Amino acid sequence: MIQNIPAFVRLIALPLAAAPFIYLIGRLGDDPKSSGKQINAARWAILIVMFGSWVPFYNAYRDFTAMGPYSTTYGMISLRVDGISLMVAATALLLGTLVAIYSGPYLEHDPGQEKYYALLSILVGTMIGLACAGDLFNLWVWFETMAISTYMLVAFYRSQSGALEAGVKYLVQSATGSALVIFGIALVFAQTGTLSLMQIRMVAQPSPLLMAAGALFVIGFGVKAAIIPLHTWLPDAHSMAPSGISAMLSGIVIETGMVAMLRALGALSGITTAWGPMLLIFGVLNMTVGNLMALRQTQIKRMLAYSSLLNVGYMLVGIGVAVTFNQINGAEGSMFHLFTHGLMKSLAFLGVGSMLYALLVMRGKDRPLELDDLSGAGRRYPLEAFTITISLFALGGLPLMAGFMSKWQIFLSGIQTQNPWMIALIIYAGLNSLFCLVYYTPVIARMYRTKMSDVVAEGAPVPLLIKIPLVIFTLLIIAIGVYPAMMNWLVGPAGAALLASFGG
C-alpha cells in the first residue's frame, strides 16, 4: 500500500506524521523529577526521522530524473514536484538533519525538548510541502503551518522576555501578511475561477484586480521572505531563537517564504512585465539596508540576522535578471545562492551558537554574545573559530568558497544582458559584497587576538556533537567552492523550473 504512494508524498508525510510521536516519546521518556542534564528520547527520534527522510528524497529525485516535473492530487491537496521543490527539500533536509544533531547537547539542560524536536520535524515537512504546492490555497495552508511552527520555536525560551517579545512581533507581522495573502487569493479566484497555479498562468489576463492580488502576494509572502521594509521581525527572531533555529530561519525559512512569493507571482506572470524590475528594486534595497544595519551591530547573532537581508537581495537580483531578460544563468545563480547561503549562514549561526553555549549558557549567563566576548577565542576554541572564519569569508564572497561561486553566477548573468543599467546594478552588488567584509573582519580579528577575554578564559568545553555539524558544513562550503559543478544536479533543474514558472 505504501509503495503505491509517490516518493515525494512520503517525503512530506514522514516528518509531519512523526511529529506527534516524537513529542509523545519525549514526554514518556522525560523524568519530571530529574534536574540538570537530560538525554531526551525525542532527540533520538528526530534523528531517526531526519535520516530516514533521505530515502524518499532519493526516490523522489530518481522519479524526477525519469519523468521530469510531475503532479498528483489527494482530494483537495494538489502537489507538484519540480526542480525548485527538490532544491528546497534538499536544503531543508540537510539543515534539519545537522541542526537535530547539533541541538542534542545544546538543549540538554533545557525543559521542553520534546516540543522543540516535534516542531522542528513539522517545520521541515511543511517547508517541503510548501515547495510542492500546486495551487494557491494549499500554498497558503503550508505557509501558515510553517509559520505556526516557527512562532513557537522562536519563543522556545519562554522564560526570557526578549524571546517572547520576538515571538509576538513575528506572530503579529506574519499573521498580517497571511491575511493579505488570503485577500490576494480571493481576488485571483474571482477573476480566473481557479486556484491551480498552472491554470491561472494559462487563463490570467491583465486586470487591475490581478495586479492588486500580485501586490498583496508580494507584501504577504514578503514578510516571511524578509523583503525590505517588511523585515523588522527578523533581527529579534533570529537572535532570540535557539541557535539551531536561527540557522533554520536564516538558512531556509526566509528562502521558503521567497519561493512561496515566486510561485504566486509566476502564476500571474502573463498579466504584466513589471515583476522582474520590481524584484531587482527590492534586491537593491535588501543589499543596501542589510549591509548598513549589520554594520551597526555589536551583538553577533543580530549582525548575522541583518546580513541575511543582504543575501536575500542577491537572490532577488538573480531572479529579477532571469525574469526580466529570460536569463537562465540568473535563475540558476539565484537557486544556487539559496543553497549556498543555507550552508554558509547555518555554519555561521551554529558556530557562533557553539561559542554562546561554551562562554555563556554553560556558565548560567542569560545575555547575548557580544563582539568583545570573542577576543582570543581562536586560542582556546581553534575548531569553532576556524569554522566561523570560513563561514564569514564565504559569506563575504572570497574565492574558492561556495558563496563566491553562487554570487559570481548571479553577477555574470547580469553582465551577459549587456544592458548598461543592469551592469551598473551588478557593479553595485559586487561593491556590497565587498562592503560586508567591513563588519565580518572585526569578528575574525577579535577571535585571533593574543589576549583572551575573561569570558573566553572561563569558558566550558564544546561537546563533540556540536562540532560535527560545524565540520560537515565547512567541508561542504569548501568543496562546492572548489568544484561548483558538483551541484549541477540540483541547481540546473531548479533554475529551469524558476524560469519556466515565469513563462521562460
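Residues numbered from 1 in each chain as written. Predicted model: local features only at pLDDT ≥ 70, side-chain atom pairs only at ≥ 80, totals over all residues. Heavy atoms only, no water.

Let's shift gears to the overall build of the protein. Secondary structure summary: the protein contains 22 helices and 2 strands in total. Since a compact globule built from 504 residues should have a radius of gyration of about 23 Å, the 22 Å found for the protein is in line with a globular shape. Excluding contacts between residues fewer than 6 apart, the proportion of contacts in the protein whose partners are at least 24 apart in sequence is 81%. Counting every atom, the protein has about 18,300 Å² of accessible surface; 69% of that belongs to carbon and sulfur. Each charge sign in the protein was given a centre, from 27 positive and 20 negative side chains, and these centres are 3 Å apart. (Helix = DSSP H or I, 4+ residues; strand = E, 2+ residues; numbered from the N terminus. Rg over C-alpha atoms; globule rule 2.2 N^0.38 Å. Contact = heavy atoms within 4.5 Å. Areas by Shrake-Rupley, 256 points an atom, 1.4 Å probe, with all protein chains shown as cover. Lys, Arg positive; Asp, Glu negative; His and termini not counted. Charge placed at Lys NZ, Arg CZ, Asp CG, Glu CD.)

Three- or four-residue spacings in an α-helix give side chains the same orientation, since the helix completes a turn every 3.6 residues. An ideal rise of 1.5 Å per residue puts 38 Å on 26 residues; helix 13 (residues 300–325) measures up with 38 Å between its terminal C-alpha atoms. Taking burial as the measure, the 26 residues of helix 13 include 23 buried ones, the bulk of the element. Remark: Asn326 follows helix 13 within two positions and exhibits a positive phi of approximately 55°. (Expected span 1.5 Å × (residues − 1). Buried < 20%, exposed > 50% of the residue type's maximum accessible area, 1.4 Å probe, protein only.)

Tallying each qualifying case throughout the model produces 6 salt bridges. Asp236 is the salt-bridge partner of Lys169, the closest N and O atoms lying 2.5 Å from each other. In this pair, Lys169 sits in helix 7 (residues 161–192) while Asp236 sits in helix 10 (residues 234–240), placing the two residues 67 residues apart along the sequence. Overall, Asp236 belongs to the buried group, its relative accessible area being 17%. Linked by salt bridges that have partners in common, Lys169, Asp236 and Arg302 make up one network. (Salt bridge = Lys/Arg side-chain N within 4 Å of Asp/Glu carboxyl O.)

What follows covers the confidence of the model for the protein. Close inspection of predicted coordinates is inappropriate for parts of the model with low pLDDT. Averaged over all residues, the pLDDT of the protein is 92; the fraction at 70 or higher stands at 97%. No element of the protein has a lower mean pLDDT than strand 1 (residues 70–74), at 83, and none a higher one than helix 21 (residues 464–482), at 97. (pLDDT = per-residue confidence, 0-100.)

This part covers the packing of helix 18 (residues 420–435) against helix 19 (residues 437–447). Running from N to C, helix 18 and helix 19 cross one another at 20°; their axes reach a closest spacing of 6 Å. Taken together, the axis directions place helix 18 and helix 19 in an arrangement best described as roughly parallel. For the pair helix 18 and helix 19, contact is made by Ser433, Leu434 and Phe435 and by Leu437, Val438 and Tyr439, respectively. For the contact of helix 18 with helix 19, a count of residues per class yields 5 nonpolar, 1 polar and no charged. (Axes fitted to C-alpha atoms, helices over the stretch in contact; angles between N-to-C directions. Parallel < 35°, antiparallel > 145°, perpendicular 65-115°, else oblique. Nonpolar A, V, L, I, M, F, W, Y, C, P; charged D, E, K, R; others polar.)

Glancing now at unusual backbone geometry. Residues Ile228 and Pro229 are joined by a peptide bond in cis, for which omega reads 5°. With respect to the helices and strands, Pro229 occurs in the loop between helix 9 (208–224) and helix 10. One non-glycine residue, Asn326, lies in the positive phi region at around 55°. Relative to the elements of secondary structure, Asn326 occurs in the loop between helix 13 and helix 14 (328–359). Accessibility expressed as a relative area gives 49% for Asn326, which makes it partly exposed. Its identity is not glycine, yet Gln418 carries a phi of approximately 60°, on the positive side.

A word on the packing of aromatic side chains. Taken as a whole and assessed by the stated rule, the structure comprises 16 aromatic pairs. Ring geometry for Tyr151 against Tyr170: centres 5.3 Å apart, planes inclined by 85°, an arrangement best described as edge-to-face. In this pair, Tyr151 sits in helix 6 (residues 136–154) while Tyr170 sits in helix 7, placing the two residues 19 residues apart along the sequence. Here Tyr151 and Tyr170 have matching classes, each one buried. Ring plane angle 20° and centroid distance 4.5 Å describe the contact between Tyr170 and Trp233, whose orientation is recorded as stacked. Taken as a pair, Tyr170 in helix 7 and Trp233 in the loop between helix 9 and helix 10 lie far apart in primary sequence, 63 residues in all. Across this residue pair, the class does not change: Tyr170 and Trp233 are buried. Among the aromatic residues, those joined into a ring-pair cluster are Tyr116, Tyr117, Phe156 and Tyr157. Over the aromatic face of Phe143 sits the side chain of Lys224, whose NZ or CZ is 5.7 Å from the ring centroid. (Phe/Tyr/Trp six-rings, centres within 6.5 Å; stacked < 30°, edge-to-face > 60°. Lys NZ or Arg CZ within 6 Å of the ring centre and 35° of its normal.)

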